[in-house]
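Descriptive analysis of the structure
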Amino acid sequence: MTLKIEKQNAIATVTIDRPPVNALTLALYGEIAETFEAAKAWDDVNVIVFTGAGEKAFCAGLDLNEFLAATIQDDPKRAAIVRRSFAAVRHAPVPVIAAVNGPAFGAGCVYASVADIRIAAEHARFGMPEINVGRCGGAAHMTRHLPQGLLRRMYFTGQPIDAREAWRVGFVQEVVPFAELAPTAQAMAAVIAAKAPIGLRMAKEALNRVEFMQTEDGYELEQSFSTRLMTTEDAREATRAVVEKRPPVFVGR
């Protein structure tokens, strides 16, 4: 298995582990898709940390040796699996934190972009070098986060940006030394994991659905989710806990 899954304290950590640079095969794209789709049944998980093994790379993108062996007939099948894999991460039922432990290129950059929150090691870089190997990249996903001028510079030149630049433009929410990356991501995950499970799932769905809606329509949809939440035991417990100045005890109902 090139994907490791660990669960503890309502946090799942999903790690790409394919040395030396966590490059993606078609099988690994599929494995990531299946894992994040299966998360819909992880009732014991409130947040997912998505990262790579080692310090060399979060994910260097497509395995070029497999790409060279592919034919034009293979491409529609490959493209469908890649789309499914990115969608599975983006539409995971709970928040996803990308702990970017090194360079994230091509598909690796897109995987970071479809997470909800990005924390990067100081030496991380983000790039879309597909033009260098005769392909197009994942600009449809990246355009959600990056200014068009910067995105197009990255797309046309194949040149990456470093973690600080990614933080400056708002793509990355925090930059830390490599040694602090995992503890920082886990600490943020613990804060999220302590929230009401139903509330987290509804909030994730609402945010994904309202992102491209007109403001008033989106807010109306968000209000409908809030109304549904009001009927849950956990919502009442959350309110009582604030009034009584104590930690809430959630039951997932």
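Before any of the text, the structure's been laid out above.
Parameters at a glance
- Residues numbered from 1 in each chain as written.
- Predicted model: local features only at pLDDT ≥ 70, side-chain atom pairs only at ≥ 80, totals over all residues.
- Heavy atoms only, no water.
- Salt bridge = Lys/Arg side-chain N within 4 Å of Asp/Glu carboxyl O.
- Helix = DSSP H or I, 4+ residues; strand = E, 2+ residues; numbered from the N terminus.
- Buried < 20%, exposed > 50% of the residue type's maximum accessible area, 1.4 Å probe, protein only.
- Core = buried A, V, L, I, M, F, W, Y, C linked by side-chain atoms within 4.5 Å.
- Pairing = 2+ DSSP bridges.
- Disulfide = S-S within 2.5 Å.

**Observations regarding the pattern of salt bridges**
- Throughout the structure, instances matching the rule amount to 10 salt bridges.
- For Glu211, the salt bridge identified is with Arg90, shortest N-O distance 2.7 Å. Remark: Arg90 occurs in helix α3 (residues 75-90) and Glu211 occurs in the loop between α9 (197-210) and α10 (215-230); sequence separation between them is 121 residues.
- For Glu211, a relative accessible area of 32% translates into the label partly exposed.
- Among the salt bridges present, the one from Glu205 reaches Arg209, with a minimum N-O distance of 3.3 Å. Placement of the pair is Glu205 and Arg209 together in helix α9, with a separation of four residues, close to one helical turn.
- Residue class for Arg209 comes out partly exposed when judged on its relative accessible area of 44%.
- Within the structure, one salt-bridge network assembled from shared partners comprises Arg90, Arg144 and Glu211.

**Considering the nonpolar core**
- Among the nonpolar cores identified, the biggest contains 52 residues, and Ile32, Phe36, Ile48, Phe50, Val100, Tyr111 and Phe126 are the most heavily contacted of them.
- Listed in part, the 16 residues of the second largest apolar core include Ile11, Val47, Ile97 and Ala185.

**Remarks on the sheet that holds strand β7 (residues 125-127)**
- As summarised here, the arrangement of the three strands in space is β5-β7-β8, forming an open sheet in which the pairing is mixed. Only two strands of the sheet have a single neighbouring strand rather than two, namely β5 (104-105) and β8 (161-162).
- Of the strand pairs in this sheet, β5 and β7 are connected by two bridges, and their pairing is parallel. Within the sheet, the bridge partner assigned to Phe105 lies in β7 and is Gly127.

**Quick look at the state of the cysteines**
- Inspection of the entire model under this criterion finds zero disulfides.
- Of all cysteine sulfurs in the structure, the one in Cys109 sits closest to Cys59, which takes part in no disulfide; the separation is 10 Å.

The values are spatial; any link to function lies outside them.
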